[in-house]
Amino acid sequence: MTRLRRLVIEVSNRCNLRCRTCTDRPLNGPIIQPEAFEGILKKVSSPDDIELVRFVGAGETLLVPYFDEMVARATKAFQDTEVNFFTNGMLLEHRLVESLLRRNVRAYITLSMDAATPHVFEYIRRGASFDRILKNIENIGKLKEDYGSRYPVLKINFTMLKHNVKEIPKMVKLASDLNIAEIVFSQMGVNESIEFARIDQHPFYGDNRKATKQALLEARELAQACGVVVTATWPQVFGWTEQYSDRHELAEGLGVELRYEPCVWALSALLVNIRGDVYPCCRHSTAFGNIKDRDDLIALFDSDEAESLRHRLLNGQAVRECDNCIWYNRYSFRHDNEYYWISESMFGNTVNIR
């Protein structure tokens, strides 16, 4: 029997930057209100099962002025839960970090950084200060040392573009200098209405593909030398998804055994947006219901709609809204003593994986 173990809460649709990967105009949407957040926590009838609380949003999570209070309430409601969130790093300041350390929060913070040099970084992330973010990161390192803690753990998410492909190896060096142990090199889905989400900017589109592969292979070699973990769609980088037409051919060609990995989010998580609508994840547009209409969030997790989705995913059946998601129809395997994963979205589709 599956249980609700991961609670994803949308907290901010407002942003302090105008990134070229997102929008031309500042996002000025709502942020979650304290009473709404408290209402979500109170409607989890099995708090001991919650292992992770993730704060998300289309905007900047740290624009919520009472963000540290939400973290405190979450860790009190769900004992020893892990807390994680994405941030652009501009507001990752001393007071917040010290608050996390004082409370012994097991915090994992993903920094959205798409370049390792100031001029490229600030061109992509309009309104950001590269130096300010670096100072914030360095301050976190000092505070962790003062408190003798490994938390908060920092990770970088680097969105690959034609514009920043030369920054890929440089980011590994920067991460190593900042004592950040992991980088995820990601790619956006194509959206022609967004400047840096257009197809010509996609790292694996046309002539971009060769430069992206070379940069990632250089980054991989550098990362192995300096102890940084780098995550990317390696079967795509190595050309396996071009050489083979599907996972069966890949398994036979490489002589590997594939292991099916059902989507962990669909099996164990719910996302509650600012309006209180409840979804299996950010990819789905049909809600299971609204938390305001239920006394218990678990009732939505155990609903017929949620059970049907989990059944289809566990049995490898088609789920339209999961197309092009790296967690959908995902398989892992070992090759030359290295761990890799593939998803159906990698084969025959090099420009819309996310």
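Calculation criteria
- Residues numbered from 1 in each chain as written.
- Predicted model: local features only at pLDDT ≥ 70, side-chain atom pairs only at ≥ 80, totals over all residues.
- Heavy atoms only, no water.
- Helix = DSSP H or I, 4+ residues; strand = E, 2+ residues; numbered from the N terminus.
- Buried < 20%, exposed > 50% of the residue type's maximum accessible area, 1.4 Å probe, protein only.
- Areas by Shrake-Rupley, 256 points an atom, 1.4 Å probe, with all protein chains shown as cover.
- Polar contact = N/O pair within 3.5 Å; in protein donor to acceptor, adjacent residues only side chain to side chain.
- Contact = heavy atoms within 4.5 Å.
- Pairing = 2+ DSSP bridges.
- Axes fitted to C-alpha atoms, helices over the stretch in contact; angles between N-to-C directions.
- Core = buried A, V, L, I, M, F, W, Y, C linked by side-chain atoms within 4.5 Å.
- Phe/Tyr/Trp six-rings, centres within 6.5 Å; stacked < 30°, edge-to-face > 60°.
- Lys NZ or Arg CZ within 6 Å of the ring centre and 35° of its normal.

A. Geometry of the overall build of the protein chain. Within the protein chain, the secondary structure is distributed over 13 helices and 17 strands. Taken along its principal axes, the extent of the C-alpha atoms in the protein chain is 50 × 50 × 40 Å. Buried positions account for 54% of the 354 residues belonging to the protein chain. As presented, the protein chain carries roughly 16,700 Å² of accessible surface, and 46% of it is formed by carbon and sulfur atoms.

B. Region of the structure containing the side chain of Thr87. Following the sequence through the fold, Thr87 ends up in strand E6 (residues 82–87). Looking at Thr87, the relative accessible area reads 2%, which means it is buried. Within polar-contact distance, the side chain of Thr87 engages the side chain of Glu60 at 2.7 Å. Once you skip the residues sitting within four places of it in the chain, Thr87 turns out to touch Glu60, Thr61, Leu62, Leu92, Ile109, Thr110, Leu111 and Ser112.

C. Focus on the sheet that holds strand E12 (residues 259–261). A sheet is described by the order of its strands in space; here three strands give the open sequence E12-E16-E17, paired in antiparallel fashion. At either margin of the open sheet sits one strand with a lone partner, and together these are E12 and strand E17 (338–343). With strand direction ignored, the average angle separating the axes of adjacent strands in the sheet is 35°. Pairing geometry for strand E16 (residues 330–335) and E17, over six bridges, is antiparallel. Bridge assignment links His335 to a residue of E17, and that residue is Glu338. Lying over the sheet, helix H10 (residues 247–254) contacts E16 and E17, oriented at roughly 10° with respect to E16.

D. Focus on the nonpolar core. Among the nonpolar cores identified, the biggest contains 114 residues, and Phe55, Met113, Ile183, Phe185 and Leu297 are the most heavily contacted of them. Considering each element in turn, this core owes the most residues, six residues, to helix H5 (residues 130–147). The contacts of Leu297, once residues within four sequence positions are left out, are Leu4, Leu7, Lys43, Val44, Leu270, Val272, Val278 and Ile291.

E. Quick look at the packing of aromatic side chains. One pass over the full model with this rule turns up 14 aromatic pairs. When the ring of Trp240 is compared with that of Phe333, the centres are 6.0 Å apart and the planes differ by 50°; the resulting orientation is tilted. Here Phe333 lies in strand E16 and Trp240 lies in helix H9 (residues 240–243), a separation of 93 residues in the sequence. The residues Trp240 and Phe333 share a single accessibility class, namely buried. Taken together, a centroid distance of 5.3 Å and an interplanar angle of 85° make the contact between Trp240 and Tyr340 edge-to-face. Of this pair, Trp240 sits in helix H9 while Tyr340 sits in strand E17; the two residues are 100 residues apart in sequence, bridging distant segments of the chain. The pair formed by Trp240 and Tyr340 is uniform in burial state, with each residue classed as buried. Grouped by ring-pair contacts, the aromatic residues Trp234, Phe238, Trp240, Phe333 and Tyr340 constitute a single cluster. Note that Arg6 overlies the ring of Trp265, its terminal NZ or CZ placed 4.7 Å from the centroid. Above the ring of Tyr123, the side-chain terminus of Arg20 is found at 3.8 Å from the ring centroid.

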